[in-house]
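Notes for the structure review
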Amino acid sequence: METPNISKALRERGWRIASIKGTEMHLQCAKVGCLKTTKVSLAEPVELPAPCTEKHFNGYDAQTFELYLTLVGTLRDRRSALGLSQEDLTAAMGIADGYVNKLESIARVAAFPMLQLWAQTLGLSITTTPAPLPPATTRAIEARESRPYQPNQARYKHAY
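How each quantity is defined
Residues numbered from 1 in each chain as written. Predicted model: local features only at pLDDT ≥ 70, side-chain atom pairs only at ≥ 80, totals over all residues. Heavy atoms only, no water. pLDDT = per-residue confidence, 0-100. Helix = DSSP H or I, 4+ residues; strand = E, 2+ residues; numbered from the N terminus. Pairing = 2+ DSSP bridges. Axes fitted to C-alpha atoms, helices over the stretch in contact; angles between N-to-C directions. Parallel < 35°, antiparallel > 145°, perpendicular 65-115°, else oblique. Left-handed = near helix turned anticlockwise from the far one by under 90°. Contact = heavy atoms within 4.5 Å. Nonpolar A, V, L, I, M, F, W, Y, C, P; charged D, E, K, R; others polar. Salt bridge = Lys/Arg side-chain N within 4 Å of Asp/Glu carboxyl O. Buried < 20%, exposed > 50% of the residue type's maximum accessible area, 1.4 Å probe, protein only.

1. As for the confidence of the model for the protein chain
Taken over all residues, the pLDDT of the protein chain has a mean of 85, while the share at 70 or more is 88%. Least confident of the elements in the protein chain is helix H6 (residues 135-146), whose mean pLDDT is 76; most confident is helix H3 (residues 86-93), at 97.

2. Brief notes about the pairing of strand S1 (residues 15-21)
Strand direction decides the pairing type here: S1 and strand S2 (residues 24-29), joined by six bridges, are antiparallel. Paired with Lys21 across the two strands is Glu24, which belongs to S2. Between S1 and S2, which follow one another and run antiparallel, lie two residues, and Gly22 among them has a positive phi close to 65 degrees.

3. Describing the packing of helix H2 (residues 62-81) against helix H5 (residues 112-121)
When two helices pack together, their arrangement is given by the angle between their axes and by how far apart the axes lie. Two elements in contact, H2 and H5, have axes separated by 10 Å at closest approach and are oriented at 30 degrees. The orientation of H2 relative to H5 falls into the category roughly parallel. Our pair here, H2 against H5, has a crossing hand that is left-handed. Where H2 abuts H5, its residues Tyr68, Leu71, Val72 and Leu75 lie against Leu115, Trp118 and Ala119. Partitioned by chemical class, the residues of the contact of H2 with H5 number seven nonpolar, no polar and no charged.

4. Here we look at the pattern of salt bridges
Under the definition given, this model contains one salt bridge. In this structure, Arg79 and Glu104 form a salt bridge, with 2.7 Å as the shortest nitrogen-oxygen distance. Here Arg79 is found in helix H2, whereas its partner Glu104 is found in helix H4 (residues 99-104), with 25 residues between them in sequence. On the basis of relative accessible area, Arg79 is assigned to the buried category, the value being 9%. Take Glu104: its relative accessible area is 7%, and that puts it in the buried class.

Take a look at the structure:
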């Protein structure tokens with residue numbers, strides 16, 4: 001199988017190529033937040049892996065999406081506690097009619113600026129608190145320590 005065909009077949013099965021080392025291709029699940037990885041030998045014939053078996057929802061790993069659902073539930077409860085209808089909140093936010101309904105019913109996943117606007121309109125703020133690092137971040141930190149950052153490694157160089 002040719003490389004472009006392998007890449008396309010992997011994407012169709014929900015994998016992305018993380019790296020190629022020697023005769024091994026390292027793959028990572030393409031769903032946001034999913035940490036599932038696997039390896040494929042580049043020796044002929046290339047055997048494609050089965051799709052990721054982890055739980056996913058709406059393009060995200062289940063654990064990440066559960067946190068999002070909790071946040072949306074908090075915002076929905078706050079709207080109700082304030083006695084606002086979805087139409088009232090839509091008008092207060094200055095967004096398209098029906099969009100709050102789509103957000104609350106998870107028909108749309110809000111980007112962070114929309115979440116901030118949503119929360120601020122309800123008199124809430126979104127804050128962060130320290131939490132344990134996930135294994136992938138720990139691995140990235142450990143790998144980086146073995147090859148310290150060099151300014152010439154930056155992909156994008158901006159003049160300020």
